[in-house]
Amino acid sequence: MKLGIVGLPNVGKSTLFNSLTKAGAESANYPFCTIDPNVGVVAVPDKRLKLLGDMYQSQKITPAVIEFVDIAGLVKGASKGEGLGNQFLANIRECDAIVHVVRCFEDSNVIHVDGSVDPVRDIETINLELIFADLEVLERRMSRVGRGARNDKEQAKELEMLQRLREHLESGKPAISFELDGEKEEAWFADYNLLTAKPVIFAANVAEDDAADDGAENPYVRKVRDYAKESRSEVFVVCAKIEEEISELDDDEKQMFLEDLGLKESGLDKLITASYSLLGLMSFLTAGEKETRAWTIKKGTKAPQAAGKIHTDFERGFIRAEVVNYKDLLECGSLSAAREKGIVRLEGKEYVVQDGDVILFRFNV
């Protein structure tokens, strides 16, 4: 999973990126301090892996990972090259979802690029730039498709859809809310790879005092939540300053620090929960002496396609899957004991993999 972190300058974006990834992207109180998209890979915390790894005495434990891309602060006119412009919008196109960091704190020492704190205005500034960038993509596609539309029915249909989509964007609506008619339109739409077609998670960055109650009393956070509800986006409240401090601690110290602040989980945990929910993801597990590993898949994935995540040969030559829930496996103490109890199931090609399944795939190529 790849998430692009965007936002106006000085909203706490790079500070949050640093703390999430410990990748050390430069952060400072001036616009455009991030002049290259910084990339960091973060392990998805999963207690199940440690428990299974201990049971199997695995040589290696491999968690699922999320790749974060920190993109330079966007400003009005970014789609036309203002600030650091289009070069960074291109980096978002490669991401599965967008994490939009929104400033929800007052601080006279941290300059706001528009002179005041207004989260909805800030969100709409970024959205407008993404829409402008998408309109440029559509114009180029329409120019190409339009040339063949007179003599080709398929291209004529696509041109008609492009015109509808352009009108939708020009009305200020993101591509993700555009209604598609049939598989053909879905395929064309996917091919455009539009920025506003990507799901969005809003990170409401609050002051330390607002972190413990999850921003319940913060009027800016309320506005972000209302906006997100209308756009069917996820929201999580985070204090980038606290996250920065947490990132310097080991796991035991981290837990104590969170408890002292009255926090149940870190910002990274919140973001992972929000992104898995938004993208409809879950993990199945494989376990053995050599390696215990988590694999991220879409909810609703069938066994052969899940096997294909491990290796294409597994999907191509899929015979069956031996499946047991990780809790049942841990209670039994070994796979052989679980088999004796009859709780290891043999599943075929139509089996829909469940979160927490421990699977051994049988295949023949």
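Structural notes, computed from the coordinates. (Residues numbered from 1 in each chain as written. Predicted model: local features only at pLDDT ≥ 70, side-chain atom pairs only at ≥ 80, totals over all residues. Heavy atoms only, no water.)

### Observations regarding the packing of helix α5 (residues 153-170) against helix α6 (residues 182-192)
Reasoning step 1: Contact pair α5 / α6: the axes reach a minimum separation of 11 Å and the direction vectors enclose 65°. The crossing of α5 and α6 is right-handed. Contacts between α5 and α6 involve Glu 154, Lys 157, Glu 158, Glu 160, Met 161, Leu 162, Arg 164 and Leu 165 from the former and Lys 184, Glu 185, Trp 188, Phe 189 and Tyr 192 from the latter.
Reasoning step 2: In terms of residue class, the contact of α5 with α6 is built from six nonpolar, no polar and seven charged. (Axes fitted to C-alpha atoms, helices over the stretch in contact; angles between N-to-C directions. Helix = DSSP H or I, 4+ residues; strand = E, 2+ residues; numbered from the N terminus. Left-handed = near helix turned anticlockwise from the far one by under 90°. Contact = heavy atoms within 4.5 Å. Nonpolar A, V, L, I, M, F, W, Y, C, P; charged D, E, K, R; others polar.)

### Comments concerning the layout of surface pockets
Reasoning step 1: Approximately 1200 Å³ is the volume attributed to the largest pocket.
Reasoning step 2: Of all elements in the fold, only α1 (13-21), β2 (38-43), α2 (47-56), α8 (240-246), α9 (251-260), α10 (267-279) and β8 (281-286) reach the threshold of two or more residues within the lining of the largest pocket.
Reasoning step 3: Among the residues forming the lining of the largest pocket, the class breakdown is 17 nonpolar, seven polar and 13 charged.
Reasoning step 4: In this structure, the second largest pocket spans a volume of roughly 580 Å³.
Reasoning step 5: Around the second largest pocket, the lining is made up of 25 residues, and of these Asn 127, Pro 174, Ile 176, Ser 231 and Ser 233 lie nearest the centre.
Reasoning step 6: By residue number, the principal contributor to the lining of the second largest pocket is helix α4 (residues 119-149), which donates six residues.
Reasoning step 7: Looking at the lining of the second largest pocket residue by residue, the class counts come to 14 nonpolar, seven polar and four charged. (1 Å grid on protein atoms, 1.4 Å probe; cavity = no way out; pocket = protein on both sides within 12 Å on 5 of 7 lines; lining within 4 Å. Points joined across faces, edges and corners; volume = space filled by probe spheres on them.)

### Comments concerning the pattern of salt bridges
Reasoning step 1: Inspection of every chain in the model, using the stated rule, returns 22 salt bridges.
Reasoning step 2: In this structure, Arg 225 engages Asp 214 in a salt bridge whose closest nitrogen and oxygen atoms are separated by 3.1 Å. Of this pair, Arg 225 sits in helix α7 (residues 219-230) while Asp 214 sits in the loop between β6 (200-205) and α7, and the two are eleven residues apart along the sequence.
Reasoning step 3: Look at Arg 225 and you get partly exposed, because its relative accessible area is 30%.
Reasoning step 4: With a closest N to O distance of 2.9 Å, Glu 322 and Arg 339 form a salt bridge. Here Glu 322, found in strand β10 (residues 318-325), pairs with Arg 339, found in helix α14 (residues 335-340); they are 17 residues apart in sequence, far enough to count as distant.
Reasoning step 5: Connected via shared salt-bridge partners are Lys 2, Glu 67 and Glu 94. (Salt bridge = Lys/Arg side-chain N within 4 Å of Asp/Glu carboxyl O. Buried < 20%, exposed > 50% of the residue type's maximum accessible area, 1.4 Å probe, protein only.)

### Re the packing of aromatic side chains
Reasoning step 1: Enumeration according to the criterion identifies six aromatic pairs in this entry.
Reasoning step 2: A centroid spacing of 5.9 Å and a plane angle of 85° characterise the contact between Phe 202 and Tyr 227, whose relative ring orientation is edge-to-face. Placement of Phe 202 in strand β6 and of Tyr 227 in helix α7 is noted, with a sequence separation of 25 residues between them.
Reasoning step 3: For Phe 202, a relative accessible area of 2% translates into the label buried.
Reasoning step 4: Arranged with centres 6.5 Å apart and planes meeting at 15°, the rings of Phe 284 and Trp 295 form a pair that is stacked. Taken together, the positions of Phe 284 in strand β8 and Trp 295 in strand β9 (residues 291-298) put the pair eleven residues apart, joining distant regions of the chain. Residue Phe 284 shares its accessibility class with Trp 295, and that shared class is buried.
Reasoning step 5: Put simply, the rings of Phe 284, Trp 295, Phe 318 and Phe 361 touch in pairs and so form one group of aromatic residues.
Reasoning step 6: Here the basic side chain of Arg 48 rests over the ring of Tyr 326, its NZ or CZ set 5.5 Å away from the ring centre.
Reasoning step 7: Positioned over the ring face of Trp 295 is Arg 293, at 4.0 Å from the centre of the ring. (Phe/Tyr/Trp six-rings, centres within 6.5 Å; stacked < 30°, edge-to-face > 60°. Lys NZ or Arg CZ within 6 Å of the ring centre and 35° of its normal.)

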